[in-house]
Amino acid sequence: MTTTPQPGILLPVPKQARYLSFSIANAARIADSLRELGKLTDGEQTVVGIGQSLTAALNVDIPGLKPFPPITAPGLTIDNAPDAVWIWLRGDDRGDILHRSRRITRALAPAFALDDCRDAFKHREGRDLSGFEDGTENPVGEEALSAAIVGTDRPGIAGSSFVAIQRWRHNFEHFEALSERAQDHAIGRRQSDNVELEEAPESAHVKRTAQESFDPEAFVLRRSMPWSECNDGGLMFVAFGKSFDAFEAQLKRMTGGEDGVVDALFGFTQPVSGAYFWCPAMKNGKLDLSPLGL
Ligand code: HEM
């Protein structure tokens, strides 16, 4: 039986979600805890990612998996979270998600400590909290597969995916003080009808990240969702790729690493943390942990 991707990666973002990040608490219990996690994972409602600190503890190598790179740009450092396990709980009922979250945390408890727990949601028809539609230029169908999923040319991990996560915190007061034109020019699209603005400056977010403008082209499958906590909020940026190359090329240009022009996004929002994970494939309906030696 061939391996398939965790289906939640390819599906549209759900109405409700929760992100859990775990660090290693007791290395001797890792294998047991991961087997228990495997039993609770369908890949659709529960998507699982494995961090490099975990593969290092197991003494296995997933080629391409690495720690989140330290990124600095003028006035900016992005912290990395050296998490071992990342879980994206997807659904449409917060109560169900809470109970799934409790079961998973309990199953992982012998080996892993819960470090971060963040609820997220779909805003209107899929907008960022700035009001802009998010995900328009995502690849679909075969193109989504080829951007986000490791191909059969890498048989050991075919069907798996690499995911880059960044939690961004918006400065709503700052954003709301900008004129409508300045807001539209920061993104490079018109918020009112999502039309791309040719005349937007080079710092416009979609000019920085235009996927086909890179060499090689830098396509990723974005599945970001807004998060909020009381009056605080922002975007949980989530990008799946067959490697981290496309994400890194985009982030380099966003932070001015290519031509000195910094993405206008940074004017009203800042990344708080970042992390990289590898999302195993599914085999016979189960999470395939064999590349980890389990
Ligand atoms: C708070 C953070 C961010 C916000 C609010 C945001 C918002 C947006 C919006 C509104 C669009 C236009 C619609 C669309 O095609 O989805 C867009 C496009 C895009 N963004 Fe972001 N984004 C954020 C961070 C990032 C980061 C960190 C990356 C990658 C490193 C990224 C990569 C992209 C890409 C690849 C596109 C499509 C560009 C194209 O091919 O036209 N974004 N983003």
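Heads up: these notes are all about the structure in this document. (Residues numbered from 1 in each chain as written. Predicted model: local features only at pLDDT ≥ 70, side-chain atom pairs only at ≥ 80, totals over all residues. Heavy atoms only, no water.)

### Here's the deal with the site of the ligand
Here is step 1: Close to the ligand lie 26 residues; G135, E137, H205, Q211 and R222 are nearest.
Here is step 2: Here D134 contributes a side-chain N or O atom positioned 3.5 Å from an oxygen atom of the ligand.
Here is step 3: Separating an oxygen atom of the ligand from a side-chain N or O atom of Q211 is a distance of 2.8 Å.
Here is step 4: When residues in the shell around the ligand are grouped by element, the largest group, 4 residues, is from helix α9 (residues 245-254). (Near = heavy atom within 4 Å. Polar contact = N/O pair within 3.5 Å; in protein donor to acceptor, adjacent residues only side chain to side chain. Helix = DSSP H or I, 4+ residues; strand = E, 2+ residues; numbered from the N terminus.)

### Notes on the nonpolar core
Here is step 1: Judged by nonpolar contacts, the single largest core of 51 residues is most densely connected at L34, V85, I87 and F112.
Here is step 2: Examining the composition of this core, we find that 4 residues originate from one element, α9, more than from any other.
Here is step 3: Not counting residues within four places of it along the chain, the set of residues in contact with I87 comprises R18, Y19, L20, F22, L37, T46, V47, V48, I104 and L108. (Core = buried A, V, L, I, M, F, W, Y, C linked by side-chain atoms within 4.5 Å. Buried < 20%, exposed > 50% of the residue type's maximum accessible area, 1.4 Å probe, protein only. Contact = heavy atoms within 4.5 Å.)

### As for helix α7 (residues 180-187)
Here is step 1: Within α7 the residues assigned to the buried category are Q183, D184, H185, A186 and I187.
Here is step 2: In the stretch just after α7, G188 is the one whose phi turns positive, near 95 degrees.

### A few points about the coordination of the iron atom of the ligand
Here is step 1: Among protein residues, the single donor to the iron atom of the ligand is H205 (NE2), with a metal-donor distance of 2.0 Å.
Here is step 2: Turning to its location among the elements, H205 is positioned in helix α8 (residues 205-209). (Donors = N, O, S within 2.8 Å, 3.2 Å for Na, K, Ca; no water.)

### Things to note about unusual backbone geometry
Here is step 1: Of the consecutive residues D215 and P216, the connecting peptide bond is found in the cis state with omega at 0 degrees.
Here is step 2: Relative to the helices and strands, P216 is located in the loop between α8 and β8 (221-222).
Here is step 3: Although it is not a glycine, C230 sits at a positive phi angle of roughly 50 degrees.
Here is step 4: Relative to the elements of secondary structure, C230 occurs in the loop between β9 (225-229) and β10 (232-241).
Here is step 5: Under the relative-accessibility criterion, C230 is labelled exposed at 76%.

### Structural notes on the layout of surface pockets
Here is step 1: Reported here for the largest pocket is a volume of approximately 670 Å³.
Here is step 2: D134, H205, V206, T209 and R222 are the residues nearest the centre of the largest pocket, which is lined by 34 residues in total.
Here is step 3: If you list the elements that add at least two residues to the lining of the largest pocket, you get β7 (161-170), α8, β10 and α9.
Here is step 4: With 4 residues, the single largest contributor to the lining of the largest pocket is α9.
Here is step 5: Its residues assigned to classes, the lining of the largest pocket shows 14 nonpolar, 12 polar and 8 charged. (1 Å grid on protein atoms, 1.4 Å probe; cavity = no way out; pocket = protein on both sides within 12 Å on 5 of 7 lines; lining within 4 Å. Points joined across faces, edges and corners; volume = space filled by probe spheres on them. Nonpolar A, V, L, I, M, F, W, Y, C, P; charged D, E, K, R; others polar.)

### A closer look at the pairing of β9
Working note: regular strand, side chains alternate between the two faces of the sheet.
Here is step 1: For β9 and β10, the ladder comprises 5 bridges, and the chain directions are antiparallel. Bridged to P226 within β10 is L235.
Here is step 2: Between β9 and β10, which pair antiparallel and follow one another directly, the connecting turn spans 2 residues, one of which, C230, has a positive phi of 50 degrees. (Pairing = 2+ DSSP bridges.)

### What to know about the environment of F244
Here is step 1: As for its placement among the helices and strands, F244 is situated in the loop between β10 and α9.
Here is step 2: The class of F244 is buried, set by a relative accessible area of 2%.
Here is step 3: Sequence spacing of F244 and V220 is 24 residues, and the spatial spacing of their C-alpha atoms is 9.0 Å.
Here is step 4: When residues no more than four places from it in sequence are discounted, the contact partners of F244 are G64, L65, K66, F162, V163, A164, Y276 and F277.

### Overview of α9
Here is step 1: Taken as a whole, α9 has its buried residues at A246, F247, Q250, L251, R253 and M254. Projected onto a plane normal to the axis of α9, the buried residues spread over an arc of 160 degrees and lie on a single side.
Here is step 2: Looking one or two residues beyond α9, the residue adopting positive phi is G256, at roughly 85 degrees. (Arc of directions from axis to C-beta.)

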